[in-house]
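# Architecture at a glance
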Amino acid sequence: MSAAEVTKAADALLAAERTGEPCPPVRSLLAEGDIDAAYAVQRVNVERGLAAGRRLVGRKIGLTSPALQAQLGVDQPDFGALFADMAVPDGGTVAAGRLIQPKVEAEVALVLKADLPHRECTVADVIRATDFALAALEIVDSRNADWDITIVDTVADNASSGLYVLGGTPVPLSGLDLRAVRMTMTRDGVSEPVSTGTGADCLGSPLNAAAWLASTLAAAGDPLKAGDIVLTGALGPMAVAAPGDRFEARISQLGRISVQFAQTGDTA
């Protein structure tokens, strides 16, 4: 792909984010199935964010569900960047109009205390480098119209990142079995869950997902660093968020976490 084509796709996604009007799927601007080009698009907008003074605080992992990988025709996850200004406080409110077409998923977040520079990172490396785990919600969003995405569209679009919520109770990994954690997410206090799952539903374990990310970033020359936040991937299906919705997730051993979406016309 030429630099001009990559920049054109990045421009379209950035304009969609700024205006709140989704763009046509950017795969029409890139070579079919060209994941490297899609990551090049992602890097353009990450670098623009850094140049504008945004603070990079970690990464998110997407496509950790085998079913979703099969749907998009890939055999591995993807990743995107997390900025500090994407964080929403636990129990906080997302302002109306801040996102275009949000969905919510519950995850395990890891916060690192050491770098992970190895190209072949093991789960043991991840455990040794992790300071603590937190319950988390990722609020995914797509700048591509109608969530009409392939792997190229979502990678270019910062892995469909929107916002994220971190719980406030850090839990050390010692004695914590992340494969066995169980998640239930509800909407508006209704007892019937909108999403359920376990740690094993995330690539077999959130630690496996984190090891994949660490290896991938190290191979690219941009390794995870001490202090980074890693959103390890959804523990269950995404739930569509509408104005006025409130979501609460309970993740065993990690606690509860919630977020509210403002009514249209309200501010947060």
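What counts as what
- Residues numbered from 1 in each chain as written.
- Predicted model: local features only at pLDDT ≥ 70, side-chain atom pairs only at ≥ 80, totals over all residues.
- Heavy atoms only, no water.
- Salt bridge = Lys/Arg side-chain N within 4 Å of Asp/Glu carboxyl O.
- Helix = DSSP H or I, 4+ residues; strand = E, 2+ residues; numbered from the N terminus.
- Buried < 20%, exposed > 50% of the residue type's maximum accessible area, 1.4 Å probe, protein only.
- Core = buried A, V, L, I, M, F, W, Y, C linked by side-chain atoms within 4.5 Å.
- Contact = heavy atoms within 4.5 Å.
- Pairing = 2+ DSSP bridges.
- Axes fitted to C-alpha atoms, helices over the stretch in contact; angles between N-to-C directions.
- Parallel < 35°, antiparallel > 145°, perpendicular 65-115°, else oblique.
- Left-handed = near helix turned anticlockwise from the far one by under 90°.
- Nonpolar A, V, L, I, M, F, W, Y, C, P; charged D, E, K, R; others polar.
- Polar contact = N/O pair within 3.5 Å; in protein donor to acceptor, adjacent residues only side chain to side chain.
- Expected span 1.5 Å × (residues − 1).

## A word on the pattern of salt bridges
Taken as a whole and assessed by the stated rule, the structure comprises 13 salt bridges. Notably, a salt bridge pairs Asp-125 with Arg-128, separated by 3.2 Å at the nearest N-O pair. A residue pair is termed a helical-turn pair when its members lie 3 or 4 positions apart in one helix, as Asp-125 and Arg-128 do in helix α4 (residues 123-129) at 3 residues. The partner of Asp-245 in a salt bridge is Arg-187, with the nearest N and O atoms 3.4 Å apart. In this pair, Asp-245 is assigned in the loop between β11 (239-240) and β12 (246-251) and Arg-187 in strand β8 (residues 182-187), connecting sequence segments 58 residues apart. A residue is classified by how much of its surface remains accessible, and Asp-245, at 9% relative accessible area, is buried. One network of salt bridges, with partners in common, ties together Arg-246, Glu-248, Arg-250 and Arg-256.

## Notes on the nonpolar core
One finds Leu-110, Leu-137, Ile-139 and Val-259 to be the most contacted residues of the largest nonpolar core, which totals 81 residues. The element that contributes the greatest number of residues to this core is helix α6 (residues 206-219), accounting for 8 residues. In this structure, Ile-139 is in contact with Val-94, Leu-99, Pro-102, Lys-103, Val-104, Ser-161, Gly-162, Leu-163, Val-165, Val-259 and Phe-261, ignoring residues within four places of it in sequence.

## Overview of the sheet that holds strand β13 (residues 255-261)
Reading across from one edge, β4-β13-β12-β8-β9 is the order of the 5 strands in this open sheet, with mixed pairing throughout. Only two strands of the sheet have a single partner each, and these edge strands are β4 (93-94) and β9 (195-198). Bridge analysis of β4 against β13 gives 2 bridges, and the strand direction is parallel. Looking across to β13, one finds that Thr-93 is bridged to Gln-260.

## Considering the packing of helix α1 (residues 3-19) against helix α2 (residues 35-51)
Contact geometry for α1 and α2: axes closest at 9 Å, N-to-C directions at 55°. As far as their axial angle goes, α2 and α1 are oblique. For the element pair α1 and α2, the recorded crossing hand is right-handed. For the pair formed by α1 and α2, the contact residues are Val-6, Thr-7, Ala-9, Ala-10, Asp-11, Leu-13 and Leu-14 on the first element and Ala-37, Ala-40, Val-41, Val-44, Asn-45 and Arg-48 on the second. Each residue belonging to the contact of α1 with α2 can be placed in one class, and the counts come to 9 nonpolar, 2 polar and 2 charged.

## With respect to the side chain of Arg-143
Assignment of secondary structure puts Arg-143 in the loop between β6 (130-140) and α5 (151-156). The buried category is assigned to Arg-143, whose relative accessible area is 6%. One polar contact links Arg-143 to Asp-157, side chain to side chain, over a distance of 2.7 Å. Only 2.7 Å separates the side chain of Arg-143 from the backbone oxygen of Ser-161, close enough to count as a polar contact. Residues contacting Arg-143, with those up to four places away along its chain left out, are Leu-13, Ala-16, Glu-17, Pro-22, Cys-23, Ile-100, Asp-157, Ser-160, Ser-161 and Gly-162.

## Description of α2
With 17 residues, α2 extends 24 Å from end C-alpha to end C-alpha; this agrees with the ideal 24 Å at 1.5 Å per step. When we look at burial in α2, the residues that qualify are Ala-37, Ala-38, Tyr-39, Ala-40, Val-41, Gln-42, Val-44, Asn-45, Val-46 and Gly-49. Among the structural elements, α1, β2 (78-83) and α5 are those in contact with the buried residues of α2. The opening residue of α2 is Asp-34, an N-cap whose side-chain oxygen sits 3.3 Å from the backbone nitrogen of Asp-36. Backbone geometry just downstream of α2 places Gly-53 in the positive-phi region, at approximately 100°.

## Examining unusual backbone geometry
The phi torsion at Asp-188 lies on the positive side, around 60°, for a residue other than glycine. Take Asp-188: it is sitting in the loop between β8 and β9. Positioned with a positive phi, Gln-253 is a non-glycine residue whose angle comes to about 75°. Among the secondary structure elements, Gln-253 is positioned in the loop between β12 and β13. The class of Gln-253 is partly exposed, set by a relative accessible area of 42%.

## What about the side chain of Gln-101?
Following the sequence through the fold, Gln-101 ends up in the loop between β4 and β5 (103-112). From its side chain, Gln-101 meets the backbone oxygen of Asn-144 in a polar contact 2.7 Å long. The residues contacting Gln-101, other than those within four sequence positions of it, are Pro-22, Val-140, Asp-141, Ser-142, Asn-144, Ala-145, Asp-146 and Trp-147.

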